Amino acid sequence: GELWVGSNLSFPRTGLILDLDATFFRDKLNDGDNVTMPWEDVSGHANHMDNFDGSGVTWYADALNGEPVLRFDGNTLMWTSHNFDDLKGYSILAVSRYNDGKKGRVIASKARNWLFGYHSGNTASWHPEGWVHNGDAGGDTKWHLHAGTMNTAADPEGAFWKDGVLRVSGNRGS
């Protein structure tokens, strides 16, 4: 089915430390252009995706319900210089999908064994240095909304949702 995405919704900003929105490139790139500039963090904390390895990120102006997206070719990395290792208690939301190319990690840490959303051809995966949810077999190319929360306990508990359906809650695998 359709996954509705809107970028003009009233979104709570309190506590937000990273917000990557493909609309940032509107008026900066043309449809189909390669991204050659940092992806600016619009949270106000300047945690920009300012590092590249490869050249295969393309901006599409109207790819998901009239909204823009970035498409990675499977051989390109883009990351922020900010180190999030000391982050305690957080939530993460991502709208993404596999394309017809490689099916590996889509959102991940460059330095740690941390991944979110996708892993080895599976969707619904979250591994913040330990499995919260080990994923659904089959790497379809549908758009998905993955969401996760991690609390601040000494042995933190994680919860994970795929497309609005709670998949696991109270998991201490990380």
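Definitions and limits used
- Residues numbered from 1 in each chain as written.
- Predicted model: local features only at pLDDT ≥ 70, side-chain atom pairs only at ≥ 80, totals over all residues.
- Heavy atoms only, no water.
- Pairing = 2+ DSSP bridges.
- Helix = DSSP H or I, 4+ residues; strand = E, 2+ residues; numbered from the N terminus.
- Phe/Tyr/Trp six-rings, centres within 6.5 Å; stacked < 30°, edge-to-face > 60°.
- Buried < 20%, exposed > 50% of the residue type's maximum accessible area, 1.4 Å probe, protein only.

Chemist: Help me get a handle on the sheet that holds strand β7 (residues 114-119), residues and values and all.
Modeler: With antiparallel pairing, four strands are arranged side by side in an open sheet as β6-β7-β8-β9. Across the chains shown, the open sheet's two edge strands, defined by having one partner strand only, are β6 (107-108) and β9 (133-136). Pairing geometry for β7 and strand β8 (residues 122-128), over six bridges, is antiparallel. Looking across to β8, one finds that His119 is bridged to Asn122.

Chemist: Give a detailed account of the packing of aromatic side chains, specifying residues and quantitative values.
Modeler: Enumeration over the complete set of coordinates arrives at eight aromatic pairs. Centroid distance Tyr90 to Trp126: 6.2 Å. Interplanar angle 75°. Geometry classified as edge-to-face. Pair noted here: Tyr90 is in strand β5 (residues 90-96) and Trp126 is in strand β8, with a separation of 36 residues, a long-range link. You'll find Tyr90 and Trp126 in the same group, each marked buried.

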